[in-house]
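Close look at the chain arrangement
Residue-level listing of the chains:
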Amino acid sequence: MELLKGAEPFSFKSDSDVGVLVLQGFTGTTSSVIYPAKCLANKAGFNVEGPRLAGHGTKWEDLNKVRYIDWINDVEEGLATLRQRARKIFVSGLSMGGTLALYLAENHPDILGVILVNHLVLLHDPRLSFIPLIKYFVKSTPAIGSDIKDPSQKELAYDRTPTAGAGEMVKLLKITRNNLNKVVQPVLIFKSKEDHVVPLDNPKYTVDRISSKDKEIVWLENSYHVATMDFDKDLICDKAIEAIKKYI
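Bear in mind that the values here come from a model prediction, so they are computed numbers and not experimental data.

**Structural notes on the overall build of the chain**
For the chain, the count of helices and strands is 7 helices and 9 strands. At 17 Å, the chain has a C-alpha radius of gyration in line with the 18 Å of a compact globule built from 248 residues. When its C-alpha atoms are laid out on the principal axes, the chain stretches across 50 × 40 × 35 Å. When the 248 residues of the chain are sorted by exposure, 56% land in the buried category. Within the chain, contacts between residues separated by at least 24 positions form 76% of all contacts whose residues are at least 6 apart in sequence. Just so you have it, the chain exposes about 11,100 Å², and 53% of that area is on carbon and sulfur atoms. Here the chain carries 32 positive and 31 negative side-chain charges, and the mean point of each set is 3 Å from the other.

In structure tokens:
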């Protein structure tokens, strides 16, 4: 299995007791979240860990061979690694990485806060219910990657969307949706007003169902789905640092 350059897991270490787990999205790579990760490390001095999700960063066919539990194991392992050098833990994620961040918050109440960027818990495509059957006949569909407004940026992502992999994502979404009431931590949500991948109602759906007292939605005016690489990336970084310092 050959890993694409830019798809490697990353780790930024410091003497800080604050650690942030930063999670990539479906069909993307860790390179899509490396900018905010470096910002959190260099600007705020936090410990940062970014695991690579199974089936990502190689070839799209590999994503048809993994199960959602593999992604859960990846982020649990990343969390355990981060705990070795930080006591105050935060989780952050882009798109499906946000789903996984919420999953961790549901299952680890000692996590201090959650930061989401165009996160995914809800999809409305009726075709998704047919994936268990379709995946045997249609191995992939058109790509969803690189939805970026900034023309100078291009996301390192698969050029096809693996059907069986999408089916596993749907399973993860359902599990996470069903347990949103277990999220008690402060939650900061960034949402692009123009997002061609994730429906605009995801932030409200999440806010209405989590048990957190401190929850905020920040609407992004100048980015598409991969906002961590787009025109609002510095705004995301600055507000995330501000929130983390407030939460601790």
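**What about the packing of helix H1 (residues 34-42) against helix H7 (residues 233-247)?**
The N-to-C vectors of H1 and H7 enclose an angle of 45 degrees; their axes lie 10 Å apart at closest approach. Relative to H7, H1 is oriented oblique. Pair H1 / H7 crosses with right-handed handedness. Between H1 and H7, the contacting residues are Tyr35, Cys39 and Leu40 on the first element and Lys233, Asp234, Cys237, Ile241 and Ile244 on the second. Its residues assigned to classes, the contact of H1 with H7 shows 6 nonpolar, no polar and 2 charged.

**Side note on the pairing of strand S5 (residues 113-117)**
Of all 5 residues in S5, 5 are buried, a share of seventy percent or more. Because side chains alternate across S5, one face comprises the buried residues Gly113, Ile115 and Val117, and the other comprises Val114 and Leu116, equally buried. Note that strand S4 (residues 88-94) and S5 share 5 bridges and pair parallel. If you follow Phe90 over to S5, its bridge partner there is Gly113. For the crossover that starts at S4, traverses helix H3 (residues 96-107) and ends in the parallel S5, the hand is right-handed. Here S5 runs beside strand S8 (residues 187-192); their pairing, made up of 4 bridges, is parallel. Each bridged residue has a counterpart across the sheet, and for Val114 the counterpart in S8 is Val187.

**Digging into the packing of aromatic side chains**
The full count for this structure, using the stated rule, is 3 aromatic pairs. When the centroid spacing of 6.3 Å and the interplanar angle of 20 degrees are considered together, the rings of Phe90 and Tyr247 count as stacked. Here Phe90, found in strand S4, pairs with Tyr247, found in helix H7; they are 157 residues apart in sequence, far enough to count as distant. Exposure class is identical for Phe90 and Tyr247. Each is buried. Across the ring face of Tyr205, the terminal group of Arg209 is positioned such that the distance to the ring centre comes to 3.6 Å. Geometry around Tyr35 places Lys233 over its ring, the cationic atom sitting 5.2 Å from the centre.

Parameters at a glance
- Residues numbered from 1 in each chain as written.
- Predicted model: local features only at pLDDT ≥ 70, side-chain atom pairs only at ≥ 80, totals over all residues.
- Heavy atoms only, no water.
- Helix = DSSP H or I, 4+ residues; strand = E, 2+ residues; numbered from the N terminus.
- Rg over C-alpha atoms; globule rule 2.2 N^0.38 Å.
- Buried < 20%, exposed > 50% of the residue type's maximum accessible area, 1.4 Å probe, protein only.
- Contact = heavy atoms within 4.5 Å.
- Areas by Shrake-Rupley, 256 points an atom, 1.4 Å probe, with all protein chains shown as cover.
- Lys, Arg positive; Asp, Glu negative; His and termini not counted.
- Charge placed at Lys NZ, Arg CZ, Asp CG, Glu CD.
- Axes fitted to C-alpha atoms, helices over the stretch in contact; angles between N-to-C directions.
- Parallel < 35°, antiparallel > 145°, perpendicular 65-115°, else oblique.
- Left-handed = near helix turned anticlockwise from the far one by under 90°.
- Nonpolar A, V, L, I, M, F, W, Y, C, P; charged D, E, K, R; others polar.
- Pairing = 2+ DSSP bridges.
- Right-handed = clockwise from strand over helix to strand, strands pointing away.
- Phe/Tyr/Trp six-rings, centres within 6.5 Å; stacked < 30°, edge-to-face > 60°.
- Lys NZ or Arg CZ within 6 Å of the ring centre and 35° of its normal.

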